[in-house]
Amino acid sequence: MALISSGNSAIRRALGQVRSAAGCLGGYGVFWLKALRQPTIDLTIRTHAGLVTRIVETPGLSLSEVELGELVSQLRVVAAKTLPEESLTYGIFSGDRERLSRAIVTLISEEATGRPIAFNALSVMEVELDGEPVEVTHLGLVMVDPEERGRGLSWVLYGLTALVLFVRDGLRPKWISNVTQVPSVVGMVSQTFSDVFPSPHPDARQSFAHLQLARGIMSRHRAVFGVGEEAGFDEARFVITNAYTGGSDALKKTFEAAPKHRDEQYNAFCARELDYARGDDVLQLGRIDLAGARRYLLSEVPSGSLPALLGTGAALALQRLVLPAVHWMDDTRPFGILRPRIPGNGNGP
């Protein structure tokens, strides 16, 4: 009888795990369907036990004054925990609607209390490449409540939103930029994205496209990452010299204080290329493409987040194979040269 009881308990546990996984998978499915259909993203997803992640695209355009004020207040709560004796005045912390109209905010909060614990603020910059305007997604500022570090949040803060944008844009390669003096972040960008420069990887090369984009960013978009006009830029190494003079002063670190990467080559690269006493940053440029998305899913997303992997794979198939057919059969919205069939509007019988 004991053996039978033990077997029944094991079966119940297995069924419970299956139901839990199915529930998570369903949640990810809804998340990705919304991401693919919404003109601007405002999504919430449960990424960790007890935590929810909200991704808000262009909050300066999509949110009311009250909603925007609440969002900025949540970001400042995290910033106050991270820099308790300092205040940031540039970018999203200004509360300026114009600046927030170009931002994409990823906010992680406690599910039970709503307390914000971490965020990433991406920005979309328009620059010229070969005479044509292109968008570069700046990975932006990341802050985590010191009491919550070590919970495996980096895969959400550094990659999830970029992946969502990549999928939502039909898997078209997208340029990304990153400004930092933190070796762990330099390593994360170098390992996750494609065609990254600068990087200690032996195959890292500066192309003319890299140079064009860097010149455009430094001439027009310094305010996005809090770099003053007096800061210099070394075009050969993509190093911003004396970078902490444009509102980001509180983020300046010593090399000893800057979080290190587990791979020593990134620590050595930063120690060699950056003058921490002066306050240098490295400007990295790269792309998210199918290869980069695969690396992110396999190396950054925790193995325990199987529903996320399955949901992402399903979303990629949906975007490339299924969704165009759904749009084609939907007679309520335009699709290419086709017009919606709505009685009384002159387009239908």
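Every value quoted in this text rests on a predicted model; they were computed, and no experiment measured them.

A word on the pairing of strand S1 (residues 42-48). Where S1 lies against strand S2 (residues 51-57), five bridges are found, and the strand directions are antiparallel. Among the inter-strand pairings, Leu43 is bridged to a residue of S2, identified as Ile55. Connecting S1 to the antiparallel partner S2 that follows it, the hairpin turn spans two residues, and Gly50 within it adopts a positive phi of roughly 80°.

Negative charge collects at one region of the surface, where Glu126, Glu128, Asp130, Glu132 and Glu135 lie side by side. Those elements giving two or more residues to the negative patch turn out to be strand S4 (116-129) and strand S5 (132-144). With respect to the helices, strands and loops of the structure, Asp130 is situated in the loop between S4 and S5.

What follows covers the environment of Phe197. Within the fold, Phe197 resides in strand S7 (residues 194-197). Assessed through its relative accessible area of 11%, Phe197 is described here as buried. C-alpha separation for the pair Phe197 and Val282, spaced 85 residues apart in sequence, amounts to 9.7 Å. Phe197 has contacts with Ala204, Arg205, Gln206, His210, Ala236, Phe238, Leu283, Gln284 and Leu285, leaving out every residue within four places of it along the chain.

Reading the values: the criteria
- Residues numbered from 1 in each chain as written.
- Predicted model: local features only at pLDDT ≥ 70, side-chain atom pairs only at ≥ 80, totals over all residues.
- Heavy atoms only, no water.
- Pairing = 2+ DSSP bridges.
- Helix = DSSP H or I, 4+ residues; strand = E, 2+ residues; numbered from the N terminus.
- Patch = residues over 30% accessible without salt bridge, like charges linked within 9 Å, V, L, I, M, F, W, Y side chains within 5 Å.
- Areas by Shrake-Rupley, 256 points an atom, 1.4 Å probe, with all protein chains shown as cover.
- Salt bridge = Lys/Arg side-chain N within 4 Å of Asp/Glu carboxyl O.
- Lys, Arg positive; Asp, Glu negative; His and termini not counted.
- Charge placed at Lys NZ, Arg CZ, Asp CG, Glu CD.
- Buried < 20%, exposed > 50% of the residue type's maximum accessible area, 1.4 Å probe, protein only.
- Contact = heavy atoms within 4.5 Å.

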